[in-house]
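Coordinates in review
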Amino acid sequence: QVELVESGGGLVQPGGSLRLSCLASGSGFSIDSMAWSRQAPGKQRELVASISRGGGTNYADSVKGRFTISRDNAKNMISLQMNSLKHEDTADYYCYVAAFSISSGVREHYWGQGTQVTVSS
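Residue positions are counted from 1 within each chain, in the order its sequence is given. Residue-level local features of this predicted model are given only where pLDDT is at least 70; pairs of side-chain atoms are given and counted only at 80 or more, and the full residue set underlies all totals for whole chains, interfaces and linings. Excluding hydrogens and water, the side-chain figures rest on all heavy atoms present in the structure.

Let's talk about the overall build of the chain
Heads up, the condition is: Per the convention used, a helix needs a DSSP run of H or I reaching at least four residues, while a strand needs a run of E reaching at least two, with both numbered from the N terminus. With C-alpha atoms as the basis for the radius of gyration, the globule rule is written as 2.2 Å multiplied by the number of residues raised to the power 0.38.
Secondary structure assignment for the chain yields zero helices and eleven strands. Overall, the chain shows an N-to-C arrangement of helices and strands of β-β-β-β-β-β-β-β-β-β-β. A compact globule built from 121 residues would reach a C-alpha radius of gyration of about 14 Å, and the chain, at 14 Å, matches this within 12%. Projected onto its principal axes, the C-alpha positions of the chain cover 50 × 25 × 25 Å.

In structure tokens:
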């Protein structure tokens with residue numbers, strides 16, 4: 001079982017920056033891919049950025065050049081550096097982890113509880 005704890009959300013002015021972090025804890029698992037997604041009020045959840053165990057990254061077109069995803073495999077931690085924030089970045093941000101159970105070999109999926117990001121002047 002994997003528990004995800006997110007931190008770093010808050011209120012920021014347009015053009016500002018925030019850094020989100022997510023720590024995965026538990027035992028009996030090996031983390032594969034990690035990602036951040038977001039859900040704005042009245043909209044569907046969308047993938048913001050993902051990162052493979054080897055460090056390969058993918059970004060939504062809407063955040064390319066502004067957001068940077070990174071991970072620390074030793075700490076089982078993922079971060080999202082968000083720069084040049086816009087009103088439309090306002091959303092609840094969710095950490096996602098895909099992890100292999102060491103006992104069964106099954107690839108399982110886990111979501112954090114979400115952290116709110118509000119971009120407003």
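A short note on the nonpolar core
Put simply, the rule is: Residues grouped as a nonpolar core are buried Ala, Val, Leu, Ile, Met, Phe, Trp, Tyr and Cys residues, joined through side-chain atoms within 4.5 Å. Only protein chains enter the area calculation, which uses a 1.4 Å probe; residues under 20% of their type maximum are buried, those over 50% are exposed, and those in between are partly exposed. Contacts are residue-level and defined by heavy atoms, with any inter-residue pair within 4.5 Å sufficient.
Membership of the largest hydrophobic core comes to 31 residues, with the highest contact counts inside it found for Trp-36, Leu-80, Met-82 and Tyr-93. At the level of elements, strand E1 (2–7), strand E3 (18–26), strand E4 (29–39), strand E5 (46–51), strand E7 (67–72), strand E8 (77–82), strand E9 (91–101) and strand E11 (115–119) are the ones that each hand at least two residues to this core. The element that contributes the greatest number of residues to this core is E9, accounting for five residues. In contact with Met-82, other than residues within four places in its own chain, are Gly-16, Ser-17, Leu-18, Leu-20, Arg-66, Phe-67, Tyr-93 and Val-117.

A closer look at the pattern of salt bridges
The following threshold applies: Just to be clear on terms, a salt bridge is a Lys or Arg side-chain nitrogen sitting within 4 Å of an Asp or Glu carboxyl oxygen.
This structure, assessed with the given rule, holds five salt bridges. A salt bridge links Asp-32 to Arg-107, with the nearest nitrogen and oxygen atoms 3.0 Å apart. Placement of Asp-32 in strand E4 and of Arg-107 in strand E10 (residues 107–111) is noted, with a sequence separation of 75 residues between them. For Asp-32, a relative accessible area of 21% gives the class partly exposed. As a salt-bridge pair, Asp-89 and Arg-38 come within 2.9 Å of each other at their nearest N and O atoms. Note that Asp-89 is positioned in the loop between E8 and E9 and Arg-38 in strand E4, a separation of 51 residues in sequence. An identical accessibility class is assigned to Asp-89 and Arg-38; each is buried. Each member of the salt-bridge network shares a partner with another, and the members are Arg-38, Glu-46, Arg-66 and Asp-89.

Observations concerning the side chain of Ser-79
The test is simple: Throughout this description, a polar contact denotes any pair of N or O atoms lying within 3.5 Å of each other; where both atoms belong to protein, one of them has to be capable of donating a hydrogen while the other can accept it, and for residues adjacent in sequence the pair is counted only when both atoms sit in side chains.
Relative to the elements of secondary structure, Ser-79 occurs in strand E8. Within polar-contact distance, the side chain of Ser-79 engages the side chain of Ser-21 at 3.5 Å. Not counting residues up to four positions away in its chain, the partners in contact with Ser-79 are Arg-19, Leu-20, Ser-21, Trp-36, Thr-68, Ile-69 and Ser-70.

Remarks on the packing of aromatic side chains
Under the convention used in this document: Side-chain rings of Phe, Tyr and Trp, where Trp is taken by its six-membered ring, are said to pair if the distance between their centres is within 6.5 Å; with planes under 30 degrees apart they count as stacked, over 60 as edge-to-face, and otherwise as tilted. A ring is considered to have a charge above it if a Lys NZ or an Arg CZ atom is located within 6 Å of its centre and within 35 degrees of its normal.
Following the criterion strictly, the structure yields one aromatic pair and no others. Seen from the ring of Tyr-94, Arg-45 lies directly overhead, with NZ or CZ sitting 3.8 Å from the centre. Directly above the aromatic system of Trp-111 lies the positively charged group of Arg-45, at a separation of 4.8 Å from the ring centroid.

So, the pairing of E11
Rules: When DSSP locates at least two bridges between a pair of strands, those strands are taken to pair.
Here E11 shows one buried face, formed by Thr-115, Val-117 and Val-119, and one open face, formed by Gln-116 and Thr-118. The pairing of E9 with E11 spans three bridges and is classified as antiparallel. Residue pairing for E11: Ala-91 is matched across the bridge by Val-117.

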